[in-house]
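# Architecture and fold: a report
Next come the chains, spelled out residue by residue.
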Amino acid sequence: MDKFTRKLEFENLWGLLKQKREKQTSPFYTLKATKLRSSLLGRLFRRAYQKDSVVAWRSSFVPSEILFALNIIPFAPEGVISMFANSHLTDEILRVAEDHGCSRDTCSFLRGIEGSVINDYMPMPDFLIATSMYCHGSAQVFKSLSKKYKKDFFYIDVPFHYERPYAVDYVAKQLEGMMKKMAEKSNRKFDVDKLKQTIIYSNQARNYFAKVNKLRQNKPSSMLGGEAIDYAIMLAHTFGLPEMVEICKTLYEELKERIDKGIGAVEGEKHRILWRQLRPYYTNALFDYIERTHKAVIVFEEANCVYWKEMNPEQPFKSLAKKLLSNYGFGQVQRWLDFTSSFIIDYNVDGIIEFAHWGCRYLSASTQIVKDKILQDKNIPILVLDGDCIDRRDYSDGQIKTRVDAFMEILNRRKG
Amino acid sequence: MKYAYFLKGWEEEMLETTVLAQNESSIEEFIRNVKKRNVQLLANKTAPIMGWCNTYVPEEIILAAGIIPYRIMGAPGPLILSKTYLCGNICGNVQSLLECALRGDYKFLDGMIIGASTDATKKLFDSWLRYAGTPFNHLFDIPKFVHEGVYLHYRESINSLSEEIEAHFGNKITESSLKEAISTCNKTRTLLTILSNLRKNEKPPVSSQKMLEICKLAMISDKKFFNNELESLLSKMKIANIKSSAYRILLTGSFQDQPWLLESIEENNALVVCEDLCTGLRYYIGLVDEDVEPIEAITKRYIEKKPPSATMISFDQRADFIFKLINEFKVDGVIYHMLKFDDPYLFEFPDMREFLESKSVPMLRIETEYTTSAMGQIKTRLQAFMETLRFTKYRKIKANKNGQVYQKIRI
Ligand code: SF4
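Residues numbered from 1 in each chain as written. Chains lettered and ligands numbered in written order. Predicted model: local features only at pLDDT ≥ 70, side-chain atom pairs only at ≥ 80, totals over all residues. Heavy atoms only, no water.

### A short note on the interface of chain B and chain A
Selection rule: Contact definition: two residues touch when any of their heavy atoms are within 4.5 Å. Simply put, the buried area is the total loss of 1.4 Å probe accessible area from both parts when two parts are fitted together. We define a salt bridge as a side-chain nitrogen of Lys or Arg found within 4 Å of a carboxyl oxygen belonging to Asp or Glu. Under the DSSP-based scheme used, a helix requires at least four consecutive residues in state H or I and a strand at least two consecutive residues in state E, with every element numbered from the N terminus. All residues other than Ala, Val, Leu, Ile, Met, Phe, Trp, Tyr, Cys, Pro, Asp, Glu, Lys and Arg, Gly among them, are scored as polar; the first ten of these are nonpolar and the last four charged.
Taken together, the contacts link 49 residues of chain B with 46 residues of chain A. For the pairing of chain B and chain A, the buried interface totals around 4000 Å² over both sides, and the portion due to carbon and sulfur atoms is 55%. Contact with chain A buries surface across chain B, with Lys123, Ile313 and Phe347 of chain B losing the most and accounting together for 17% of the total. At the surface where chain B touches chain A, the tally comes to three salt bridges. Asp105 of chain A is the partner of Lys340 of chain B in a salt bridge, and the nearest nitrogen-oxygen pair spans 2.9 Å. Among the elements that line the side of chain B that touches chain A, the one with the most residues is helix α15 (residues 343–358) of chain B, at ten residues. Each residue belonging to the side of chain B that touches chain A can be placed in one class, and the counts come to 21 nonpolar, eleven polar and 17 charged.

Written as structure tokens, this is what we have:
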């Protein structure tokens with residue numbers, strides 16, 4: 001591992017933060033659990049830049065449980081790009097990537113990673129891991145970067161036909177093989193007992209988080225979507241750490257307390273909104289406008305769904321494979337639609353807002369099917385906001401707000 | 001060795017320019033015959049017809065079930081219906097496939113197999129199923145990265161496809177029908193390769209536009225008839241020993257089945273001598289081993305032997321293959337064509353540019369919509385590229401253990 005390089009990267013990043021950072025004060029940090037969550041992410045982020053850390057870059061669904069069992073620091077470049085966007089650091093990073101030949105039509109999370117690597121802001125990885133889940137681009141970018149860094153690339157091939165009988169064993173075998181190879185390469189012990197322990201922590205966090213999601217069905221809603229949506233990144237990134245159990249437990253207790261005291265996330269909740277996909281990370285104003293101005297509370301975000309069953313620590317690889325294969329958004333659109341339909345009922349939803357991320361062919365392409373199906377079966381209005389989660393150059397606050405206003409009009413009329 | 005006579009003694013033959021005209025008329029006759037047969041085939045269907053898209057879908061399985069494989073393609077023209085069912089930032093080829101299906105162009109299909117090679121094709125399947133559905137619909141899963149385990153994945157995809165076809169059409173896929181299908185497909189591939197290799201000659205006897213048309217016909221015709229006709233065409237083809245000053249171009253990148261890009265390139269004293277495309281070499285290079293258990297052999301062909309697309313996340317293999325073609329076809333420059341929103345190629349491009357730069361091979365990047373778009377601008381860029389080739393002609397000068405090395409020679 002080139003220790004010096006990682007120091008250089010940290011200094012580059014630090015220089016950028018000092019020079020350009022535009023601090024956004026989030027109006028959504030109302031819970032103690034949220035502060036604990038930020039501090040855990042911050043700690044992991046800093047450790048990824050330390051010279052003696054073994055760091056694995058992981059794309060969205062790579063299970064960190066395996067990494068924690070090997071004492072390897074997970075680093076989620078897509079998540080870090082959203083953090084950069086939050087501090088308005090991505091304009092220059094994206095331009096650098098585009099100058100390098102990355103098309104502006106590609107996903108800005110991935111373009112952002114390429115730009116950050118070119119500018120040496122990212123910590124040198126020891127491993128890069130991607131899966132075949134969701135988009136094709138992230139694995140392609142990770143593979144290309146593994147060549148640049150001359151580091152091992154692991155690819156977890158998750159069959160798109162997740163229900164086929166061979167799928168669980170097929171994925172489990174790959175996970176086990178990967179863990180063995182990583183242990184060997186990083187001189188760590190391949191310790192299945194330690195993996196079982198991380199699975200136990202992961203389960204505990206999962207169960208609290210599932211209870212949190214259940215509490216969020218309460219009317220009035222006890223948590224703002226603007227605060228909840230950023231928990232989504234934790235589901236695969238930090239599950240497996242004991243700290244995460246504590247965070248989920250705290251979150252559960254705080255929401256329970258709010259509900260017991262009859263405190264709603266906003267006073268006079270008017271509408272209940274289901275949020276699909278991610279959010280624009282460079283602004284908090286959109287959620288604030290929807291939730292506080294229009295009193296249309298985002299009662300649930302699909303990205304926060306606990307779609308997987310509790311894992312069996314005695315079969316750690318099989319359980320992790322099942323977790324991957326049970327992802328609601330992976331597979332044909334019908335599976336996702338079924339989840340959406342159940343959220344509409346469980347959360348007593350009046351309307352759906354989808355933020356369709358430009359550049360993502362995976363998440364946004366089936367919007368019409370969703371519209372047809374949900375309207376036809378459930379008669380629920382949907383607002384699709386076309387935008388970009390990371391690239392703010394074409395974002396028009398005024399236009400988006402006008403569309404939100406029109407949508408709220410529809411919801412108001414429906415309620416008579 | 002049966003075709004070796006094509007490759008022998010060309011230099012000795014003093015052929016007149018009329019040879020080129022004779023070749024052209026033989027090619028025209030061949031195309032006419034195959035098209036005529038296709039019209040008959042659609043008019044009097046004797047077997048079901050199965051649409052497919054993506055070169056990782058094994059045609060052998062379809063053929064072995066007594067079904068005619070038919071590669072569906074888009075068509076030039078505006079995208080009207082598809083825009084309603086797929087979002088606008090999906091590659092135009094995929095949009096166009098759906099457009100054609102929605103307006104009824106593919107009503108004659110008895111089934112459709114879509115290869116799950118990209119995000120766009122997976123989403124196409126969702127829309128196809130709901131809005132365009134054929135009596136039989138199948139999403140064929142394709143691994144995207146080659147490691148030891150993926151053979152199992154591909155085999156499982158073949159098995160599911162076979163089971164579903166057998167259940168729906170009631171046709172049994174037997175070992176002998178599979179072997180026969182493999183041999184038929186191999187023959188098509190061999191003949192197309194021979195035809196394409198004729199373009200290694202200074203004055204190619206077959207143009208890129210015709211090569212594209214023939215390759216497309218191979219994908220939609222009764223293969224046995226096609227093979228017989230192509231074999232007879234090859235026996236008539238002759239090589240003209242004529243010098244050519246045209247720049248020799250390799251075209252690589254996104255799916256392209258329309259001739260307009262080739263035409264635009266060749267308007268500029270250039271010849272596209274080789275197409276690393278899904279309607280080119282990526283369709284016909286790589287044979288299925290006929291001496292091995294059929295499913296294993298098919299799996300090996302599609303995973304290992306077929307030139308990979310960018311969807312396969314195997315950049316080194318792709319780069320090596322392209323460099324080999326550059327040497328074999330004496331290529332002066334590479335045109336890298338990307339369809340707007342076609343992620344695998346959009347993401348691959350920076351690496352390919354770096355690779356070709358490291359080998360001092362000139363490259364031009366062109367990004368277009370699926371149908372002709374901004375032609376004026378493209379033509380200007382093509383002209384400028386040919387200008388650079390005029391001043392910097394590349395010649396093979398020495399070989400090292402990694403293969404041929406090119407060096408700039410100013411002429
Ligand atoms: S937003 Fe879409 S394209 Fe971008 S990284 Fe996520 S899944 Fe991939």
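### Brief notes about the site of the ligand
Operational definition: Residue proximity to a molecule or strand is established when one non-hydrogen atom of the residue lies within 4 Å of it.
By nearness alone, every residue bordering the ligand is listed as Cys107, Phe109, Tyr134, Cys135, His357 and Cys360 of chain A. By residue class, the composition of the shell around the ligand is five nonpolar, one polar and no charged.

### Observations regarding the pairing of strand β7 (residues 351–357) of chain A
Residue and element names in this part refer to chain A. This is how it is decided: The cut-offs for exposure are 20% and 50% of the maximum accessible area for each residue type, with area from a 1.4 Å probe on protein chains only; residues under the lower value are buried, those over the upper are exposed, and the others partly exposed. When DSSP finds two or more bridges between a pair of strands, those strands are recorded as paired.
Counting buried residues along β7, seven of its seven residues qualify, which places the element largely inside the surrounding structure. Here β7 shows a buried face lined by Gly351, Ile353, Phe355 and His357 and a second buried face lined by Ile352, Glu354 and Ala356. Two strands pair when backbone bridges link them, and strand β5 (residues 271–276) and β7 are joined in this way by four bridges, in the parallel orientation. If you follow Trp275 over to β7, its bridge partner there is Ile353. Across six bridges, β7 lies against strand β8 (residues 382–387) in parallel orientation. When the bridges of β8 are listed, Ile352 appears paired with Ile382.

### Description of empty space enclosed by the protein
All names here are of chain B. Spelled out, the test is: Two kinds of site are reported from a 1 Å grid over the protein atoms alone, namely cavities, where a 1.4 Å probe fits but cannot get out, and pockets, open sets with protein on both sides within 12 Å along at least five of seven lines, and residues are called lining when an atom falls within 4 Å of a point. Grid points are joined across faces, edges and corners, and a volume is the space filled by probe spheres set on the points.
A full pass over the atoms with the stated rule returns seven cavities of 30 Å³ or more. Estimates place the volume of the largest cavity at around 340 Å³. Every residue lining the largest cavity is counted, 27 residues in all, and those nearest its centre are Asn54, Ser117, Thr118, Thr121 and Asp342. When contributions to the lining of the largest cavity are tallied by element, the ones reaching two or more residues are α5 (92–102), α6 (119–132) and α15. Tallied by class, residues from the lining of the largest cavity come to eleven nonpolar, ten polar and six charged.

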